[in-house]
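The primary structure of each chain is shown beneath.
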Amino acid sequence: MNIRFVMRVLSLALPLVVVVSAVALVASAVRAVVGLPPDPTPPPPTILAPRGELPRGNVAFQEWVRFRDAEYQMVGCGFLMALGDGRIVGLTAAHNAMPGNPMRPLEQIRLRAQPAGYTVDFERLYLPPGRPRDGDDLTVDYLVLHPEGAVDPAYVLQPDPRGGPLPGERVALYKCLGGDGGGQSILSGTVQSVSDKAMWVLMDEPFSPMHWSGSGSPLLSQHTGQVVGMLIAGTLRGRWMLLGMHPVGSLVQKAATATSPLLLKDYVLTAQPAEQ
């Protein structure tokens, strides 16, 4: 056997093997990220509710939290909503900054509308907080906040009395943006599925990292101009974003059961997360 010939063949073949293996690994990774294509979009529904206008101002707030002995930090988004009894509540996702950890007590939540700089502070909860969702039920994930003073009605949204949208309905996600410039991004989409526990929306724009975060942002019907849900989760379907929402009917129902507000610091020290 010609050892020199064998070594030369191997020296030429090995780089090709490495390249082929690398291509296979990249292709596998791309398949893992891209995933399956989205399901067919439902046809446009017949909506009997009165038409309304979408808000033109900044209604998606940055959510800032302050833990004991720490500075404020931004953790997500939130919004203000009116209830039928005249109360104004702040709403956001529990998983943004879950109260109840005695090792890291949460003392205050602040909603900030940028670039105007309008802020609403919260030191109390209208009811015990929800919990980060770990399954298909998105209604377990919520915080219903009690404002510490008067609220400017220009920033307050109205809940859709239907309790949620219809499959095929066009919606708009008002997502807060980070930084001092702030502002909001308005992303359109179509409702794919609706249940009492969750609804899922296929967004028009392909995946972009700047649009990926934003839990606690309000979802509004493009027909009524009112809140139909709150952003909780997201996944990729092909290159497209499929976002999971807490239906507004569930949020209104939870707020309606509130009795006496709970101080965040007292809840941190004495209470346990509520069973759902």
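One can find the structure itself at the top, above this paragraph.
Asks: Give a detailed account of the sheet that holds strand β12 (residues 227-237), specifying residues and quantitative values.
Replies: Strand order around the closed barrel formed by six strands is β8-β9-β10-β13-β12-β11, with antiparallel pairing between neighbours. Strand-to-strand, the axes of this sheet are offset by a mean angle of 45 degrees, without reference to chain direction. As judged from the seven bridges shared by strand β8 (residues 170-176) and strand β9 (residues 184-194), these two strands associate in the antiparallel manner. Its bridge partner being in β9, Tyr-174 is matched across the sheet by Ile-186. Sheet strands in contact with helix α2 (residues 248-256) are β12 and β13 (240-247), and its direction is about 30 degrees off that of β13.

Asks: Run through the nonpolar core, naming residues and quoting values.
Replies: Formed by 31 residues in total, the largest nonpolar core has its most connected members in Phe-79, Met-81, Val-89, Leu-91, Val-144, Val-227 and Met-230. Looking at this core, the elements that each hand over two or more residues are β2 (73-82), β3 (88-92), β8, β10 (199-206), β12 and α2. No other element matches β12, which puts four residues into this core. Aside from chain neighbours lying at most four places away, what touches Met-81 is Arg-87, Ile-88, Val-89, Leu-91, Val-156, Leu-157, Gln-158, Pro-159, Val-227, Val-248 and Val-252.

Asks: Can you explain the pairing of strand β4 (residues 106-113)? Please cite residues and give values.
Replies: Most of β4 is tucked away, with eight of its eight residues classed as buried. When strand β1 (residues 61-67) meets β4, the two strands line up antiparallel, connected through six bridges. Pairing of Val-65 across the sheet is with Ile-109, part of β4. Bridging between β4 and strand β5 (residues 118-125) involves five bridges; their strand directions are antiparallel.

Asks: Outline the environment of Glu-71, supporting the account with residue identities and numerical values.
Replies: Looking at the secondary structure, you find Glu-71 in the loop between β1 and β2. Since its relative accessible area comes to 68%, Glu-71 is described here as exposed. Residues in contact with Glu-71, not counting those within four places in the same chain, are Val-65 and Arg-66.

Asks: Report on the pattern of salt bridges, specifying residues and quantitative values.
Replies: Scanning all chains against the criterion turns up 10 salt bridges. Its salt-bridge partner being Arg-87, residue Asp-85 comes within 2.8 Å of it at the nearest N-O pair. Taken together, the shared-partner salt bridges connect Arg-66, Arg-68 and Glu-107 into one network.

What counts and what doesn't
- Counting restarts for each chain: residues are numbered from 1 in the order of the written sequence.
- Only residues with pLDDT of 70 or above have their local features reported here, since the model is predicted, and side-chain atom pairs are shown and tallied only from 80 upward, although totals for entire chains, interfaces and linings are computed over all residues.
- Excluded from the side-chain calculation are hydrogens and water; included are all heavy atoms of the structure.
- Strand pairing requires that DSSP identify at least two bridges connecting the strands.
- The way it works is that DSSP assigns letters per residue, a run of H or I at least four long becomes a helix, a run of E at least two long becomes a strand, and they are numbered from the N terminus.
- Here an angle of 0 to 180 degrees is reported between the N-to-C directions of two axes, which are lines fitted to C-alpha atoms, with helices fitted over the stretch in contact.
- Any two residues having at least one pair of non-hydrogen atoms within 4.5 Å are treated as being in contact.
- Note on terminology: a nonpolar core comprises buried Ala, Val, Leu, Ile, Met, Phe, Trp, Tyr and Cys residues joined through side-chain atoms within 4.5 Å.
- The buried label goes to any residue with under 20% of its type's maximum accessible area, the exposed label to any with over 50%, and the partly exposed label to all in between, with areas taken from a 1.4 Å probe on protein chains only.
- Every case where a carboxyl oxygen of Asp or Glu lies within 4 Å of a side-chain nitrogen of Lys or Arg is listed as a salt bridge.

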